[in-house]
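# Close look at the chain arrangement
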Amino acid sequence: FGKSGRVYASDEVNPLVPLLRHICNVQYDFRRMIDHCPGRSMRRKSQVFDRMQRARLFLEGNVDRNVRLAELAELSNVSTWYFTKIFHALYGEGPQAMAARLRLGRAARLLAETMLSVSEIGAVCGFENNCSFSRAFRERYGTPPSLYRLEAKGGGTAAGATDVTPDSAQSRGSEGKAVLAFGT
C-alpha cells in the first residue's frame, strides 16, 4: 500500500490481497468525501458523512417506494435544507434524483430479468401509476419500458429504439449528472 492510501498493483499471489486492495481503495474514497463535509474538526466531518451515508443506504434499501425528503432529513437528524445541500455536495445529485435513479435502475433490471408486466414492475418500484412510471423510464433511458425489455432480451431493434443496452441507456439518461459509484 502506498503512502497516499491508494493501493497499487503488485505481483503478490495471496488471495486476500485483491480484497484488501478493494477495502483500502473504498476507504480512500470515503476519506476524500469526508474531507468535503462541513465542520471544523475531523470528528464533526465524519459525523456528517455518517449521517449522509445512513440516508443513502436507506434510499438504496427502499427502492420499492417513494421516500420523502423530510423522512431522510429526520433520519439524518438535520434540517431538510441542510440535508439537501450536503447530500448534493457529497454525491453530485440530490436525494430525490438519486432515489429516482435507483428506482428506475431496479425497474430496468426487472424488465430485463423477469416476465412481470410493465405495470407490475412500476408498482413494485413504487410508482403510483403506469403513466408516471413509463414517462419517468422514457426520460431516463430514452425508450419506453416495453421496448427496453425487447432490446434487453435480444428481441432485435424496434422502431425508434437503437441498440438499447443497460449501459448505453444509462449513459444516455444520465447526461449532465455526476454519479459516484462506491466499490465498483
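Residues numbered from 1 in each chain as written. Predicted model: local features only at pLDDT ≥ 70, side-chain atom pairs only at ≥ 80, totals over all residues. Heavy atoms only, no water.

### Quick notes on the side chain of serine 134
Secondary-structure assignment places serine 134 in helix α7 (residues 130-141). Ignoring sequence-local partners within four residues, the contact set of serine 134 consists of Val118 and Pro145. (Helix = DSSP H or I, 4+ residues; strand = E, 2+ residues; numbered from the N terminus. Contact = heavy atoms within 4.5 Å.)

### What to know about helix α8 (residues 145-152)
Taken together, the buried positions of α8 are Pro145, Leu147, Tyr148, Arg149 and Glu151. Of the residues one or two after α8, glycine 154 is the one with positive phi, at around 80 degrees. (Buried < 20%, exposed > 50% of the residue type's maximum accessible area, 1.4 Å probe, protein only.)

### Here's the deal with the pattern of salt bridges
One pass over the structure, following the stated rule, counts five salt bridges. Here arginine 101 and glutamate 93 are joined by a salt bridge, their closest N and O atoms 2.7 Å apart. Glutamate 93 carries the same exposure label as arginine 101, and that label is buried. (Salt bridge = Lys/Arg side-chain N within 4 Å of Asp/Glu carboxyl O.)

### A word on the environment of serine 134
For serine 134, a relative accessible area of 17% corresponds to the buried category. For the pair serine 134 and serine 146, spaced twelve residues apart in sequence, the C-alpha separation works out to 9.0 Å.

### Quick look at the confidence of the model for the protein chain
Summary statistics for the protein chain give a mean pLDDT of 81 and a share of 77% for residues scoring 70 or more. By mean pLDDT, helix α9 (residues 166-173) is the weakest element of the protein chain at 46, and helix α3 (residues 69-76) is the strongest at 95. (pLDDT = per-residue confidence, 0-100.)

### Quick notes on the packing of aromatic side chains
Enumeration over the complete set of coordinates arrives at eight aromatic pairs. On the numbers, 5.3 Å between centres and 55 degrees between planes, the contact of phenylalanine 127 with phenylalanine 133 is tilted. Phenylalanine 133 carries the same exposure label as phenylalanine 127, and that label is buried. Counting every residue linked through ring pairs, the aromatic cluster contains Phe127, Phe133, Phe137, Tyr141 and Tyr148. (Phe/Tyr/Trp six-rings, centres within 6.5 Å; stacked < 30°, edge-to-face > 60°.)

### Observations concerning the side chain of arginine 103
When you line up the elements, arginine 103 lands in helix α5 (residues 95-113). Beyond its immediate stretch of four places on either side in the chain, arginine 103 contacts Val63, Arg65, Asn66, Cys125, Gly126 and Phe127.

### Thoughts on the nonpolar core
Most often, soluble globular proteins keep nonpolar side chains buried together rather than apart. Among the nonpolar cores identified, the biggest contains 23 residues, and Phe49, Met52, Leu59, Phe83, Phe87, Leu90 and Tyr91 are the most heavily contacted of them. Looking at this core, the elements with two or more residues in it are α1 (16-35), α2 (42-61), α3, α4 (80-91) and α5. At six residues, α4 tops the list of elements feeding residues into this core. Sequence-distant contacts of phenylalanine 49, defined by excluding residues within four places in its chain, comprise Phe30, Met33, Ile34, Cys37, Leu90 and Tyr91. Leu104, Cys125, Phe127 and Tyr141 belong to the second largest nonpolar core, which has 13 residues in total. (Core = buried A, V, L, I, M, F, W, Y, C linked by side-chain atoms within 4.5 Å.)

### Some details on a nonpolar patch on the surface
Together, Leu16, Leu19, Leu20 and Ile23 make up a nonpolar patch on the protein surface, roughly 360 Å² of accessible area in all. Position of leucine 19 relative to the elements: it lies in helix α1. According to the relative accessible area criterion, leucine 19 is partly exposed, its value standing at 46%. (Patch = residues over 30% accessible without salt bridge, like charges linked within 9 Å, V, L, I, M, F, W, Y side chains within 5 Å. Areas by Shrake-Rupley, 256 points an atom, 1.4 Å probe, with all protein chains shown as cover.)

### Concerning unusual backbone geometry
Despite not being glycine, asparagine 77 has its phi angle at roughly 60 degrees, a positive value. Mapped onto the secondary structure, asparagine 77 falls in the loop between α3 and α4. For asparagine 77, a relative accessible area of 60% corresponds to the exposed category.

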